[in-house]
Amino acid sequence: MGSGWNLPPGCYESDLPGWHDVEVDMDFFCEECDHEWTESDVTVDARGCDDVEATCPKCEKTVTKDYDPPGRWD
């Protein structure tokens, strides 16, 4: 059975938390105050992830959004 460098048998680098993380710019919309903004350098899983959080700069409510990578549903 193979494994990654210096890891237990059956474990690979891609199994490590954060291995697939990338930083992207994401657009958010706050339904509370109808404010739209872009957050820079948001850390997400490149394969897609749920519940990315940001704080509205206008009313300070927490807004959540799912990240779907480009081309995932093409």
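Just so it is clear, the model here is predicted, and its values are computed rather than measured.

Student: Kindly report on a negative patch on the surface, identifying the contributing residues and their values.
Tutor: Taken together, the side chains of D21, E23, D25, D27, E36 and D41 present a region of like negative charge at the surface. Residue assignment for the negative patch shows that the elements contributing at least two residues are β1 (21–30) and β2 (35–45). Considering each element in turn, the negative patch owes the most residues, four residues, to β1. One can find D41 in strand β2. Take D41: its relative accessible area is 52%, and that puts it in the exposed class.

Student: Requested: an account of the side chain of D45, with residues and values cited.
Tutor: Relative to the helices and strands, D45 is located in strand β2. With a relative accessible area of 17%, D45 lands in the buried category. Side-chain polar atoms of D45 contact the side chain of R47, separated by 2.8 Å. Those residues in contact with D45, other than ones at most four positions away along the chain, are H20, D21 and Y67.

Student: Hey, could you go over the pairing of strand β3 (residues 49–55) for me, with residue numbers and the actual values?
Tutor: The pairing of β3 with strand β4 (residues 62–67) spans five bridges and is classified as antiparallel. Of the residues in β4, the one forming a bridge with A54 is V63. Joining the antiparallel neighbours β3 and β4 is a turn of six residues, in which E60 adopts a positive phi near 65°.

Rules used throughout
Residues numbered from 1 in each chain as written. Predicted model: local features only at pLDDT ≥ 70, side-chain atom pairs only at ≥ 80, totals over all residues. Heavy atoms only, no water. Patch = residues over 30% accessible without salt bridge, like charges linked within 9 Å, V, L, I, M, F, W, Y side chains within 5 Å. Areas by Shrake-Rupley, 256 points an atom, 1.4 Å probe, with all protein chains shown as cover. Salt bridge = Lys/Arg side-chain N within 4 Å of Asp/Glu carboxyl O. Lys, Arg positive; Asp, Glu negative; His and termini not counted. Charge placed at Lys NZ, Arg CZ, Asp CG, Glu CD. Helix = DSSP H or I, 4+ residues; strand = E, 2+ residues; numbered from the N terminus. Buried < 20%, exposed > 50% of the residue type's maximum accessible area, 1.4 Å probe, protein only. Polar contact = N/O pair within 3.5 Å; in protein donor to acceptor, adjacent residues only side chain to side chain. Contact = heavy atoms within 4.5 Å. Pairing = 2+ DSSP bridges.

So yeah, pure geometry; function would need other evidence.
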